Amino acid sequence: EPVLSAACGKSYSAFVTCNGNLYTCGRGKDGQLGLASIRDESGSDFLVTSPRQVEAFRNEQVRVLQVACGSRHTCVLLDAGEVFCFGNGDMGQLGNGSVTSQMHRPVIAKRLENAGVFQIFAGGQSTFALGSDVDSLSQEYRHIGAVKLTTKKIHNVGIEKVRSYCEAAVVGEKEKNRKKEITKLVNHVKTELLDFNALNSSFLYPDAYVSPWHSTCRVRMIQIKTDLRKHKGVRPREDSNESSLIDIIEMRDSVSLIISTLSKLHKNNSNTGEEILNISIRALMAPLVGAMERAAPYVTEPDQLRAYFLLLISPFAELSPFEHEALLMSIYKLPGDSRRRLFDWIEHDLTPELFSQALLSPLISHIDTHISQQKWTGQAARLCQFLHKLYEINEKRCLHGEGEGLHYSEFYSPETNNLTDKELTALYRKWRSALKQESSARFGAEYLLFEYPFLLSAGTKRRLVQLEDHESMWRQTFAGMMLGKVPFFVLNVSRNNLIADTVHGLLNAQKKDLKKPLRVIFTGEEGVDAGGVKKEFFQLLSSKLFSPDFGMFRAIEGTNQLWFNPYRVDNYELIPDHNDDDDDMVEFMLVGALIGLSIYNGTLLNVQFPEAMYQILLGRFPSKPTVEDMKKFNPPVAAQLQHLLDFESAQEVEQLSLTFEITYEFLGEYRNIELKEGGSQIPVTIENRAEYVSCYISYQMGDSIRQEKDALMKGFSLLIPPNLAVLNLFQSSELELLLVGTTELDFEVLEELCDYEGGYNSQYRTVRWFWKTVHEMTLEQKQKLLQFSTGSPRAPVGGLKELKFKLQRAGPDSHQLPSAHTCFNTIILPDYNSEEKLRRLLLYAINNCQGFFLE
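Described below are features of the structure shown in this document. Residue positions are given per chain, counted from 1 along the sequence in the order it is written. A pLDDT threshold of at least 70 governs which residues receive local features in this predicted model, and a stricter bar of 80 or more applies before side-chain atom pairs are shown or counted, although totals over entire chains, interfaces and linings include all residues. Excluded from the side-chain calculations are hydrogens and water; all other atoms, namely the structure's heavy atoms, are used.

## Looking at the pattern of salt bridges
By definition, a salt bridge exists where a carboxyl oxygen of Asp or Glu is found within 4 Å of a side-chain nitrogen of Lys or Arg. Counted according to the given criterion, the structure contains 27 salt bridges. When the shortest N-O distance is used, the salt bridge between R809 and D831 registers 3.4 Å. Residue R809 is located in strand β20 (residues 806-809), and its partner D831 is located in the loop between β22 (826-829) and α31 (835-847); the two are separated by 22 residues in the primary sequence. Given a relative accessible area of 27%, R809 falls into the partly exposed group. Put simply, D813 and K837 hold a salt bridge, and the shortest N to O gap is 3.1 Å. Of the two residues, D813 sits in the loop between β20 and β21 (819-821) while K837 sits in helix α31, which places them 24 residues apart along the sequence. Each residue's exposure class comes from its accessible area (1.4 Å probe, protein chains only) as a fraction of the maximum for that residue type: buried when under 20%, exposed when over 50%, partly exposed otherwise. Take K837: its relative accessible area is 7%, and that puts it in the buried class. Through salt bridges that share partners, R429, R432, E468 and E471 make up one connected network. Numbering of helices and strands runs from the N terminus, with a helix taken as a DSSP run of H or I at least four residues long and a strand as a DSSP run of E at least two residues long.

## Quick word on the sheet that holds strand β2 (residues 12-17)
Note on pairing: DSSP must find at least two bridges between two strands before they are called paired. Judged by pairing direction, the sheet is antiparallel, and its 4 strands sit side by side in the order β1-β2-β3-β4 without closing on themselves. Of all the strands in the sheet, the pair left with one neighbour each is β1 (3-8) and β4 (47-53). Between one strand axis and the next, the sheet turns through 10° on average, direction left out of account. Where helices are involved, their axes are fitted lines through C-alpha atoms of the stretch in contact, as for all axes, and angles between N-to-C directions lie from 0 to 180°.

## A closer look at empty space enclosed by the protein
Cavity: a set of points on a 1 Å grid over the protein atoms alone where a 1.4 Å probe fits but cannot get out. Pocket: an open set with protein on both sides within 12 Å along at least five of seven lines, its lining residues, like those of a cavity, having an atom within 4 Å of a point. Grid points are joined across faces, edges and corners, and a volume is the space filled by probe spheres set on the points. Under the definition given, this model contains 5 cavities of 30 Å³ or more. If you add up the space inside the largest cavity, you get close to 60 Å³. Lining the largest cavity, in full, are E611, A612, Q615, D629, K632, F633 and M701. For the lining of the largest cavity, the secondary structure elements donating two or more residues are α21 (611-617) and α22 (627-633). Residue classes follow a fixed rule: Ala, Val, Leu, Ile, Met, Phe, Trp, Tyr, Cys and Pro count as nonpolar, while Asp, Glu, Lys and Arg count as charged, and any other residue, Gly among them, counts as polar. Residues belonging to the lining of the largest cavity are distributed by class as follows: 3 nonpolar, 1 polar and 3 charged.

## Focus on the packing of helix α10 (residues 321-331) against helix α12 (residues 352-372)
Two numbers describe how α10 lies on α12: the axes approach to 11 Å, and their chain directions differ by 100°. As the angle between them shows, α10 and α12 are arranged roughly perpendicular. Residues P321, H324, E325 and L328 of α10 pack against P362, L363, H366 and H370 of α12. In terms of residue class, the contact of α10 with α12 is built from 4 nonpolar, 3 polar and 1 charged. If an angle is under 35 degrees, it is roughly parallel; if it is over 145, roughly antiparallel; if it lies from 65 to 115, roughly perpendicular; otherwise it is oblique. Working rule for contacts: check all heavy atoms of both residues, and any pair within 4.5 Å makes them a contact.

## A word on unusual backbone geometry
The phi torsion of most residues other than glycine is negative, and most of the peptide bonds are trans. Even without a glycine there, the phi angle at L245 is positive, about 70°. Relative to the elements of secondary structure, L245 occurs in the loop between α5 (239-242) and α6 (248-269). The phi dihedral of N825 is positive, around 55°, even though this residue is not glycine. Positionally, N825 belongs in the loop between β21 and β22. Among the residues examined, N825 registers a relative accessible area of 11% and is labelled buried.

## Quick look at the environment of S330
Among the secondary structure elements, S330 is positioned in helix α10. Sequence separation between S330 and A296 is 34 residues; the distance between their C-alpha atoms is 6.4 Å. Once residues within four sequence positions are removed from consideration, S330 is found in contact with E293, A296 and Y308.

In structure tokens, the structure reads:
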């Protein structure tokens, strides 16, 4: 039989099996083996060398839950709550009301029958029992031997009890002394809630809790019974390990009620009520957290651990940040198994809202304090480790579906945005230097922001990219000036031959010249490129290269996102001096260079790629894409593949008549590609369907576009080397923001931050008409307005609040159209004499804006 638990005395052992039987072996002179007559094979008295079943408990109606061994006596707890003892009892440790030196047959401790015993302990010449109804015992029986049993209860607190305390305090406050009621309520909190044992036994779900004494043994009994059922083929309780069994909502409501009641009492008693309340809560929390920190290394059971979890997410902690941070530190003093169980509870018990409100926000607040004070200590490192674990939990939740996890931006540290350029630059350069040395020094506490990059907002990472770009540009510009060369990379292009001129300019440029600041000149146009011409160049070139009509990219089914088109017709005629010996992927190298130039020069592109494209750019594209990757890439196809994997019968799979090949259309002709050698002759069956799905995904996302992907990365690396340290800090979605900006357009914020020139101000009549017209625009019109004024229909990383927008007066009323300086994000607006005229001319201007000419 499988053994569930074991215990041992001075010279003997006892075993409880999963079937509830008891076996003993060893020396049993005083009867501690529970065997009435014992002889071993050699004939020696009182010695059993192989475990033997205790006959007294050999009954289908009797099941042993626990055995405990003293020096020379044994105690047994049955599932009915009965306690049997045998062996040496000369100190009264058998609990049968008598003193005897030997007891070979188990006898029931009758006076414990009504005590609701749920766990027993034994050691030396003593016996202990925990029960739910010790008050029912006679005063005489509370003395066993020389030991008196305690009758002090460990309270289990719930919302009803808390409500009664708070209501009594409010009523009493009206009739009696306020200070007395405050003291009374605080004492309730101290003894019945902010107590280690009370925390472990409070706010449990009713079906997980019976004993009002202590949850430790009850939860252990649940686990024992679970294991028994498991071995008998019964499905074990699902929440026995993963759940804390705490009613978290009830706990937080109860604590919030206590805090609000104390706040009201303190406010009535003093003008500084809130301050006194915080001091009171801290005074209660400090000794408890200190005790829990000292006890942490010895916490091995779930019921001991529950106090840490409950206090960690309690509103009390929000009022005492110092103690909350100390509690977080104590988590890393817990044994490894207990710490893992705690994180399991966090993962399974907290809703996304509670996860953020009760745990994530306070933790980030602690980290922000360290960042603001530049305190790069081991304690800050521990806090970041804890946050990293929460980040991993959130990532797992996000895989489960929409709404399960938080957006990654919830993990941003607001304080990192407040770091000055000097502070951020110094930290980054130091980390980058340590990174190049490949030493353990790069893991120091001062590099926490870069070892845990989820702390850095997309805007902060953009600042770091700008730092890298400016350093590189300065080096190349300075070197060129020393040699008397132009300090810019100049591209001369015509609108009618844009792609060919761009390819020619890139192919004939030296790599180091590409890293100079870009200047674009449109043939025949007089615009001076201070940034605006460059913006339009990127928009025009990307609209041509990324157009499905051009053939290099195709729209993914059900989305507006673009992906490599492996079935395209090559556009060699667009490439100057092209011959068949040239690299036939040069157009994809151009795309890669365009993306690199865009990032390098801080200009947005108007294009939509799937997440997989940004994974490629970051060097994180999976070597073996899975169904989960396909769900992000092409949801409809992923759903069909998942449906195939979910079929329960072979017949359902075979009815699809699939083989290991893919069919596609090329110039009106259908062609087939085998997914593996001989694939056209290999039918998909229920046995090989997983292999088919894997081959299909690998081909669609990787194998079919390998050459195109490599060419794109070749062009991208001309500007952005793959070992660039700052790239390691980005998530794929953050790189998307850097490249194409955001579609979240808050024009209310833009109005608040707008600057005015030429006599305009926020209260000027024409200005009010302008903003009224803007707010009444459709989303498409607003995007056109941005395109007109900034050169891009999207906002940069961080939204429109990051845009330095300006409205400039262009003289008195006239029929002149509004114009713009896209280099400086400025609209030049005449002082029109009517709102209708302003609206009509502004809409005409934004719908017909292209080119740079001087009148």
